[in-house]
Amino acid sequence: MTFSETLHQGLPQSAVLRRFAELVAPCDDAALEALAAQAAATTRRHFGKTMRLFAPLYVSNECVNICNYCGFSRNNPIFRTTLTLDQVEAEARHLAAEGFRAILLVAGEHPKFVSNTYLADCTRRLRAFVPSVSIEVAPMETEEYRHIVDAGADGVTVFQETYDPVAYAPLHPSGPKRDFAWRLDCPERAYAAGFRRIGIGALLGLAPWRTEAVRLAAHVEHLLKHCWKASLAVSFPRLRPAASGFNPQFPLADRDLVQLVCALRVAFPEIGLTLSTREPAHLRDGLAGLGITMMSAGARTEPGGYTGAGREALHRTERGKSVPLAAAEVGTAEATVQFEIGDPRPHSVVVARLRQLGLDPIWKDWDAAINA
Ligand code: SF4
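Since this is a predicted model, take the numbers as computed values, not measurements. (Residues numbered from 1 in each chain as written. Predicted model: local features only at pLDDT ≥ 70, side-chain atom pairs only at ≥ 80, totals over all residues. Heavy atoms only, no water.)

Caption draft 1: Broad picture of the overall build of the protein. Looking only at helices and strands, one finds 14 helices and 12 strands in the protein. Over its C-alpha trace the protein gives a radius of gyration of 20 Å, about what one expects of a compact globule, namely 21 Å for 372 residues. The C-alpha extent of the protein, read off along each of the three principal axes, is 60 × 45 × 40 Å. Expressed as a percentage of the 372 residues in the protein, the buried residues total 57%. Excluding contacts between residues fewer than 6 apart, the proportion of contacts in the protein whose partners are at least 24 apart in sequence is 77%. By element, 54% of the accessible surface of the protein is carried by carbon and sulfur atoms, the whole surface being about 15200 Å². (Helix = DSSP H or I, 4+ residues; strand = E, 2+ residues; numbered from the N terminus. Rg over C-alpha atoms; globule rule 2.2 N^0.38 Å. Buried < 20%, exposed > 50% of the residue type's maximum accessible area, 1.4 Å probe, protein only. Contact = heavy atoms within 4.5 Å. Areas by Shrake-Rupley, 256 points an atom, 1.4 Å probe, with all protein chains shown as cover.)

Caption draft 2: Looking closely at the site of the ligand. Cys63, Asn65, Cys67, Cys70, Phe72, Ser73, Gly108, Lys177 and Gln338 make up every residue found near the ligand. Partitioned by chemical class, the residues of the shell around the ligand number 4 nonpolar, 4 polar and 1 charged. (Near = heavy atom within 4 Å. Nonpolar A, V, L, I, M, F, W, Y, C, P; charged D, E, K, R; others polar.)

Caption draft 3: Inspection of the side chain of Glu109 at higher detail. When you line up the elements, Glu109 lands in the loop between β3 (102-107) and α5 (116-127). Buried charge Glu109 goes without a salt bridge, the closest partner of opposite sign being Arg183 at 4.8 Å. Here Asn65 takes part through its side chain, which lies 2.8 Å from a polar atom of the side chain of Glu109. Look past the residues within four positions of Glu109 in its chain and what remains in contact with it is Glu62, Cys63, Val64, Asn65, Ala138, Pro139, Pro176 and Lys177. (Lys, Arg positive; Asp, Glu negative; His and termini not counted. Salt bridge = Lys/Arg side-chain N within 4 Å of Asp/Glu carboxyl O. Polar contact = N/O pair within 3.5 Å; in protein donor to acceptor, adjacent residues only side chain to side chain.)

Caption draft 4: Region of interest: the pairing of strand β6 (residues 197-201). Counting buried residues in β6 gives 5 out of 5 residues, a clear majority hidden from the surface. Across the two faces of β6 the burial is the same, with Arg197, Gly199 and Gly201 and Ile198 and Ile200 all buried. Pairing of strand β5 (residues 155-157) with β6 involves 3 bridges; the strand directions are parallel. Counted as the bridge partner of Gly155 is Arg197 from β6. Pairing of β6 with strand β7 (residues 231-235), which is carried by 5 bridges, proceeds in the parallel orientation. Paired with Ile200 across the two strands is Val234, which belongs to β7. Between the parallel pair β6 and β7, the chain is carried across by helix α10 (residues 209-226), and the sense of this crossover is right-handed. (Pairing = 2+ DSSP bridges. Right-handed = clockwise from strand over helix to strand, strands pointing away.)

Caption draft 5: How the structure looks around the nonpolar core. By size, the foremost hydrophobic cluster in this structure holds 97 residues, and its most contacted members are Phe20, Leu57, Leu105 and Phe236. Among the elements that take part in this core, helix α11 (residues 254-267) stands out by supplying 9 residues, more than any other. Setting aside residues up to four positions removed in sequence, Leu57 forms contacts with Leu83, Val88, Glu91, Ala92, Leu95, Ile103, Leu104, Leu105, Val106, Leu126 and Tyr306. If you look at the next biggest cluster of nonpolar residues, it comprises 16 residues, including Tyr58, Tyr69, Leu239 and Phe339. (Core = buried A, V, L, I, M, F, W, Y, C linked by side-chain atoms within 4.5 Å.)

Caption draft 6: Up close: unusual backbone geometry. One non-glycine residue, Glu161, lies in the positive phi region at around 70°. For Glu161, the position within the fold is in the loop between β5 and α7 (165-171). The residue Arg319 is not glycine, and still its phi comes out positive at about 50°. Relative to the helices and strands, Arg319 resides in the loop between β10 (315-318) and β11 (321-323).

Caption draft 7: Spatial organisation of the sheet that holds β11. Within the open sheet, the 3 strands sit side by side as β2-β10-β11. Their pairing is antiparallel. Looking at which strands have only one partner, the edges of the open sheet turn out to be β2 (79-80) and β11. Sheet topology places β10 next to β11; 3 bridges connect them, and they run antiparallel. Across the sheet, residue Glu318 finds its bridge partner in β11, namely Lys321.

Caption draft 8: The packing of aromatic side chains, seen in detail. In total, this model carries 6 aromatic pairs according to the counting rule given. Ring centres 5.2 Å apart and planes at 85° place the aromatic pair Phe100 and Trp363 in the edge-to-face group. Of this pair, Phe100 sits in the loop between α4 (85-98) and β3 while Trp363 sits in the loop between β12 (360-362) and α14 (368-371), and the two are 263 residues apart along the sequence. With a relative accessible area of 1%, Phe100 lands in the buried category. Taken together, a centroid distance of 5.1 Å and an interplanar angle of 80° make the contact between Tyr168 and Phe180 edge-to-face. Here Phe180 lies in helix α8 (residues 180-184) and Tyr168 lies in helix α7, a separation of 12 residues in the sequence. Side by side, Tyr168 and Phe180 carry an identical accessibility label, which is buried. One cation-aromatic arrangement involves Arg93 over Phe129; the distance from NZ or CZ to the ring centre is 3.8 Å. (Phe/Tyr/Trp six-rings, centres within 6.5 Å; stacked < 30°, edge-to-face > 60°. Lys NZ or Arg CZ within 6 Å of the ring centre and 35° of its normal.)

Structure representation (structure tokens):
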């Protein structure tokens, strides 16, 4: 039974989920401090002092979906572009020169610009000099994923946005993403295709966080049972300002985010926990010692963000239709970001700070030879 079928029948009941629900229940400061101490000790026991680093590489900001909260949403009048294979390689070489050995290819959902063949070609190019290539793109069928796995990609990330189907529907009024169950079962299709790193998460702020957290934990428990050969990671994307101008109805306080990270670490000691540059530097530094095991650094959230590639193909879209740039925009406009970065520190500063905190930044922790 897939997770969407399981969830449709009601939340599973297990000792782990009951324990997790207790850990995310409202608590006083003393209880939160005790939870944080337990999370820190658990992380140290299972991951040592390591912090794996990765970089997102946006290849396109075209999108056919309307997601009310996203800067790339179809009807937003923004500057868009899709990188050529040479440009993707140039961006990746820039990141590799900075030290990154794990790259996450990110794209909006637009089959005309970002097909599975294009992603397989990107992966093939990058695997010549990048040991770990993952994707965060539109959900696909298992057979479509296989081409990308065969090209050398090892990981897939797909956020459910919200695990509440009632909240999900009005947030996704148009496009293939309207299909809640199709998205929810994406990690299992990716696993069946051979991906061995799976990332999931909820976009925090779209629904009451404690309810989301328990469903997210149920998803973790399901994937640990059904996709047991994969390494599982949970991300904590919290809504950031974007071209959508969306105001989250259920904003998540820093304290809540800390409780969520620590609760997941204590309930699931061996899964990866990922924190992106959406969050401000002080919070990332604090959470680094508590439960987080993977971080992006020096990230950009627009195609061509690292090298300026793709500007020659830049155009604007209005209500999904492409329109030429105005004369004043030619040569000056840049691709629009998906959301504003919360931690703008260069990767070198993040690395130095992690070392100051007693952590060992890890650029590469996986090689295809291990699976072979
Ligand atoms: S969240 Fe993804 S699918 Fe939705 S508009 Fe943004 S890029 Fe497109």
